[in-house]
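Summary of structural features
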Amino acid sequence: MSGNSSNIEANLASAKKRLEQALEVAGRPPKACRIVAVTKRQANEKIDAALIAGARCFGENRVQEAKERWPERQERFSDIELHLIGRLQTNKVKEAIALFDVIETLDRPKLARALAREMERSGRRRRLFIQVNTGAEPQKGGVLPDELGGLVMLCRGELGLEIEGLMCLPPFGQDPAPHFAELRHLAAKYEISRLSMGMSDDFEIAARAGAHYVRIGTAIFGPRSET
Ligand SMILES: *Cc1c(COP(=O)(O)O)cnc(C)c1O
């Protein structure tokens, strides 16, 4: 179901309702899962409409784009929770730590070290999720399931980083359910408490499978611009 771009408030309400119904079916509390409204390549007016409608949790996939429009809104609204959901290059770590509350795409030792160093230097602790490449797709970010244990150990041990959650992005066109189940299994195995999984087309499946965050873009904001 694609969103009607002219009615952000109604789209948000509908996504929330569908999420709550999915949670209820799974016997989970209505607030067990939060919507990350994904604003990448969406018009500023739509972001403002979402803020007016009460949304406070947002996701962006590029540091540069986020930097152009979020600092000013973070000043106006003190309770925004901004998630980085796209690949993070180590040379952007400083900007990412300044801007985002949650980084969902930690996926390699070098990045973990850079994040640890910058959080220490700046005195800003940020919430971290490790992205897992459950489909083992070569072009996609995320640590392979087999390498997750090593990365978690590095973070918790030498680097002193707490890992709040795991995130995944199942291969396009595949049944997402086995990927969601695997992410949940991995989180249990490594005693990681939260899961970020599910997007516009499959967030109800993700909510039933145990998601704590679902990342919804087009179902709220409509189609994205090309660039
Ligand atoms: C774009 C994006 C989403 C949102 O996708 P929709 O299909 O528009 O809901 C979710 N997660 C990630 C990592 C994304 O890049």
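Coordinates for the structure precede this section.
Sequence positions are assigned chain by chain, starting from 1 and proceeding in written order. Local features in this predicted model are restricted to residues whose pLDDT is 70 or higher, and side-chain atom pairs enter the listing and the counts only when it is 80 or higher, whereas totals over whole chains, interfaces and linings include all residues. Side-chain figures throughout are based on the complete set of non-hydrogen atoms in the structure, without hydrogens or water.

1. Observations concerning the packing of aromatic side chains
Spelled out, the test is: Working definition: rings of Phe, Tyr and Trp (its six-membered ring) pair if their centres are within 6.5 Å, and the pair is stacked with planes under 30 degrees apart, edge-to-face with planes over 60 apart, and tilted otherwise. Comment: elements are numbered from the N terminus, with helices defined as DSSP H or I runs of at least four residues and strands as E runs of at least two. Exposed residues in this analysis have more than 50% of their type's maximum accessible area, buried residues have under 20%, and partly exposed residues fall in between, with area computed by a 1.4 Å probe over protein chains only.
Using the criterion set out here, one finds two aromatic pairs in the structure. Relative to tryptophan 70, the ring of phenylalanine 58 lies with its centre 4.7 Å away and its plane at 40°, an arrangement referred to as tilted. Note that phenylalanine 58 is positioned in strand E2 (residues 57–60) and tryptophan 70 in helix H3 (residues 63–76), a separation of 12 residues in sequence. Pair check on accessibility: phenylalanine 58 and tryptophan 70 agree, each one buried. Plain terms: the ring middles of phenylalanine 129 and tyrosine 213 are 6.0 Å apart, the flat faces sit at 70° to each other, and that makes the pair edge-to-face. Here the residue phenylalanine 129 occupies a position in strand E5 (residues 127–132), and tyrosine 213 occupies one in strand E8 (residues 213–216), the gap between them amounting to 84 residues.

2. Things to note about unusual backbone geometry
In this structure, arginine 41 is a non-glycine residue whose phi angle is positive, near 55°. If you trace the backbone, arginine 41 turns up in the loop between strand E1 (34–38) and helix H2 (44–52). Residue classification places arginine 41 among the partly exposed residues on the basis of a relative accessible area of 27%. Unlike most non-glycine residues, glutamate 191 shows phi in positive territory, near 55°. Since its relative accessible area comes to 69%, glutamate 191 is described here as exposed.

3. What to know about the pairing of strand E6 (residues 165–168)
Heads up, the rule is: The pairing criterion is simple: DSSP has to find at least two bridges between the two strands. Viewed with both strands pointing away, a crossover whose connecting path from the first strand over the helix to the second turns clockwise is right-handed.
Here E6 shows no split at all, with Gly165 and Met167 on one side and Leu166 and Cys168 on the other all buried. Sheet topology places E5 next to E6; four bridges connect them, and they run parallel. Of the residues in E6, the one forming a bridge with phenylalanine 129 is glycine 165. In this fold, the crossover linking E5 to E6 by way of helix H6 (residues 145–156) has right-handed handedness. The pairing of E6 with strand E7 (residues 194–196) spans three bridges and is parallel. Across the sheet, the residue bridging to methionine 167 is serine 196, located in E7.

4. Section: the site of the ligand
The criterion, for reference: Distances are taken per atom, and a residue is near a molecule or strand as soon as one of its heavy atoms is within 4 Å of it. N or O atoms closer than or at 3.5 Å make up a polar contact, with two conditions inside protein: a donor-capable atom paired with an acceptor-capable one, and, for residues adjacent in sequence, both atoms drawn from side chains. A 1.4 Å probe and the Shrake-Rupley method give the accessible areas. Residues count as covered only by the protein chains that appear here. Residues are said to line a cavity or pocket when one of their atoms sits within 4 Å of a point; the points come from a 1 Å grid over protein atoms alone, cavities being sets where a 1.4 Å probe fits but cannot get out and pockets being open sets with protein on both sides within 12 Å along at least five of seven lines. Any molecule with more than half of its atoms within 2 Å of a cavity's or pocket's grid points is counted as sitting in it. Think of it as three bins: nonpolar holds Ala, Val, Leu, Ile, Met, Phe, Trp, Tyr, Cys and Pro, charged holds Asp, Glu, Lys and Arg, and polar takes everything else, Gly as well.
Around the ligand, the neighbouring residues are Val38, Lys40, Ile85, Met167, Leu169, Met199, Ser200, Arg215, Ile216, Gly217, Thr218 and Arg224. Residue arginine 215 places a side-chain N or O atom 2.9 Å away from a nitrogen atom belonging to the ligand. Between the ligand and arginine 224, the relevant distance is 2.8 Å, taken from an oxygen atom to a side-chain nitrogen or oxygen of the residue. Burial of the ligand by the surrounding chains reaches 90%, relative to a free accessible area of 390 Å². Judged by the fraction of its atoms near the pocket grid, the ligand is located in the largest pocket. For the shell around the ligand, the residue count by class is six nonpolar, three polar and three charged.

5. What to know about the packing of helix H5 (residues 109–122) against H6
So the rule is basically this: Comment: axis = line fitted to C-alpha atoms, over the contacting stretch for helices; angle = value between 0 and 180 degrees taken between N-to-C directions. Our angle categories are set so that under 35 degrees counts as roughly parallel, over 145 as roughly antiparallel, 65 to 115 as roughly perpendicular, and the remainder as oblique. Each crossing gets its hand from how the near helix is turned against the far one by less than a right angle, where anticlockwise is left-handed and clockwise is right-handed. Contacts were defined at the residue level, with two residues in contact if any of their heavy atoms lie within 4.5 Å.
The contact between H5 and H6 brings their axes to 10 Å, and the two run at 20°. Here H5 lies roughly parallel to H6, going by the angle between them. In the packing of H5 onto H6, the handedness of the crossing is right-handed. Touching Pro109, Ala112 and Arg113 of H5 are Leu151, Leu154 and Cys155, all from H6. Grouping the amino acids of the contact of H5 with H6 by side-chain chemistry returns five nonpolar, no polar and one charged.

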